Amino acid sequence: MTKTAAFIGLGVMGYPMAGHLANQGYQVRVWNRTTAKAQQWAEQYGGQACDSIADAVHGADLVMTCVGADKDLIEVYEAADGIIANAADGAILIDHTTASAAVAERLAQAAAAKSLGFLDAPVSGGQQGAENGQLTVMCGGSQASFDKALPAMECYARAVNLMGDAGAGQKTKMVNQIAIAGLVQGLSEALHFAENAGLDASRVVDVISKGAAQSWQMENRSGTMIEGEFEHGFAVDWMRKDLGICLDEARKNHSTLPVTALVDQFYADIQAMGGNRWDTSSLIERLRRRS
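Residues numbered from 1 in each chain as written. Predicted model: local features only at pLDDT ≥ 70, side-chain atom pairs only at ≥ 80, totals over all residues. Heavy atoms only, no water.

Enquirer: Even after reading the chapter, I still don't get the pairing of strand β6 (residues 117-120), so can you show me in this structure?
Expert: For a regular strand, side chains alternate in direction, first toward one face of the sheet and then toward the other. Going residue by residue along β6, you find G117 and L119 tucked away on one face and F118 and D120 tucked away on the opposite face as well. Bridge analysis of strand β5 (residues 92-95) against β6 gives four bridges, and the strand direction is parallel. Bridged to D95 within β6 is D120. You can see the chain leave β5, run along helix α6 (residues 101-113) and come back into β6, and the turn it takes is right-handed. (Buried < 20%, exposed > 50% of the residue type's maximum accessible area, 1.4 Å probe, protein only. Helix = DSSP H or I, 4+ residues; strand = E, 2+ residues; numbered from the N terminus. Pairing = 2+ DSSP bridges. Right-handed = clockwise from strand over helix to strand, strands pointing away.)

Below is the structure:
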């Protein structure tokens, strides 16, 4: 089993994911733009905080990244002191960022030119899933790279699947976000209607969650939505970034996404209300304020 890993990017997802690797016996080196965060992680998990990406990836069998967006990926992968120029021969690079399929294909080609494996491997499950080691990982890349990386990814995931060639992981994540956008809006409208109809929304959920209306969002977010608590998951700013990626890809492959486009604008309304860091279930607050 591969035992040496570098983890680049210690945000709300990367921090616990790297921690699971360390807890499972991997020798983990970390790098983060905020040095204090990397040092904090090293103190907590016993790994090594590095001063540069080059130091972190030198000699590592696996390199994981979880950063912000396409431009961040290009910077950390393609810079002279970045991942591709400094990774060990034969290393497998695993990107857990939600990004475009185009950048995944670009990085896969750059990695292959240096005899490095590459997987685009976005995740679903949010901060809670990362902390509990229960993420779903959808991968694009070669079977050989996937097989080598699988044991490590299983340290923080409950399901890891290879979906196709480079870019397939990102496209699968787009499908995930498209589905979630419609579900959260539907749940928001349902709860809003229940409240305005004078019903006990919690009792309503208890009843309808036993039938065809049941969903992960209903089971995990309806209670906090009813209470007006929006600090429990994926931020609106990040959802808008993801939906923008979905809509860009839809224009390329000629998909029609009217509900996704509409919900994206609803999230823009949430941002205008100051809810940039609220979680995605805050769509209900938009309805309440418009009543």
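After presenting the structure, the write-up continues.
Enquirer: Hey, could you run me through the side chain of T65 in this one?
Expert: Locating T65 in the fold gives a position in strand β4 (residues 62-65). For T65, the side chain forms a polar contact with the side chain of Y77, separated by 2.8 Å. For T65, the residues in contact, after removing those within four places along its chain, are I8, L73, Y77, I83, I94, D95, H96 and T97. (Polar contact = N/O pair within 3.5 Å; in protein donor to acceptor, adjacent residues only side chain to side chain. Contact = heavy atoms within 4.5 Å.)

Enquirer: It is not clear to me how unusual backbone geometry should be interpreted in this structure. Could you clarify?
Expert: Negative phi values dominate among residues other than glycine, just as trans dominates among peptide bonds. Of note in the backbone geometry, S115 takes a positive phi value of approximately 60° without being a glycine. For S115, the position within the fold is in the loop between α6 and β6. On the basis of relative accessible area, S115 is assigned to the exposed category, the value being 56%. Positive phi, normally seen in glycine, also occurs at H254, with a value near 65°. With respect to the element layout, H254 can be found in the loop between α12 (236-253) and α13 (258-272).

Enquirer: I would appreciate a short explanation of helix α8 (residues 143-153) in the present structure.
Expert: An α-helical segment advances 3.6 residues per turn. Residues three or four places apart therefore align on the same side. Here α8 has its buried residues at S145, F146, A149, A152 and M153. Projected onto a plane normal to the axis of α8, the buried residues spread over an arc of 115° and lie on a single side. Buried residues along α8 sit against α1 (14-23), β4, β5, β6, β8 (135-140) and β9 (157-164). (Arc of directions from axis to C-beta.)

Enquirer: Would you take a moment to explain the environment of Q109 for this structure?
Expert: Note on placement: Q109 falls in helix α6. A residue is classified by how much of its surface remains accessible, and Q109, at 59% relative accessible area, is exposed. In sequence terms Q109 and A213 are 104 residues apart; their C-alpha atoms lie 43 Å from each other.

Enquirer: How should the packing of aromatic side chains be read in this particular structure?
Expert: Two aromatic rings are characterised by how far apart their centres lie and by the angle between their planes. Scanning all chains against the criterion turns up four aromatic pairs. Considering the side-chain rings of Y15 and Y45, the 6.1 Å spacing of their centres and the 65° angle between planes classify their relative orientation as edge-to-face. Of this pair, Y15 sits in helix α1 while Y45 sits in helix α2 (residues 35-45), placing them 30 residues apart in sequence. In this structure Y45 comes out as partly exposed when scored by relative accessible area, which is 22%. An aromatic cluster of three or more residues is present, and its members are Y15, W41 and Y45. (Phe/Tyr/Trp six-rings, centres within 6.5 Å; stacked < 30°, edge-to-face > 60°.)

Enquirer: Got a minute to help me understand the side chain of D242 in this structure?
Expert: Summarising the element assignment, D242 is placed in helix α12. Not counting residues up to four positions away in its chain, the partners in contact with D242 are T98, K173, Q177 and F234.

Enquirer: For this particular structure, what's the right way to read the packing of α6 against helix α9 (residues 168-196)?
Expert: For any two helices packed against each other, one specifies the crossing angle of their axes together with the interaxial distance. Running from N to C, α6 and α9 point in directions that differ by 165°, and their axes come no closer than 8 Å. Between α6 and α9, the angle falls in the class roughly antiparallel. Of the two elements, α6 crosses α9, and the hand of that crossing is right-handed. For the pair formed by α6 and α9, the contact residues are A101, A104 and E105 on the first element and Q170, K171 and M174 on the second. Here the contact of α6 with α9 is composed, by residue class, of three nonpolar, one polar and two charged. (Axes fitted to C-alpha atoms, helices over the stretch in contact; angles between N-to-C directions. Parallel < 35°, antiparallel > 145°, perpendicular 65-115°, else oblique. Left-handed = near helix turned anticlockwise from the far one by under 90°. Nonpolar A, V, L, I, M, F, W, Y, C, P; charged D, E, K, R; others polar.)

Enquirer: When you look at the pattern of salt bridges in this model, what are you seeing that I'm missing?
Expert: Working definition: two side chains of opposite charge can pair if their charged atoms are close together. Taken as a whole, this structure holds 13 salt bridges when the rule is applied. The salt bridge involving E285 is made with R289; its shortest N-O contact spans 3.2 Å. Within this pair, E285 and its partner R289 are both found in helix α14 (residues 283-290), separated by four residues, close to a single helical turn. Connected through salt bridges with shared partners, the residues R33, K71, D72 and E75 form a single ionic network. (Salt bridge = Lys/Arg side-chain N within 4 Å of Asp/Glu carboxyl O.)

Enquirer: Would you mind showing me how to read the environment of A152 here?
Expert: Here A152 shows up in helix α8. For A152, a relative accessible area of 1% corresponds to the buried category. Contacts of A152, omitting those with residues within four sequence positions, involve L21, Y26, L62 and M64.

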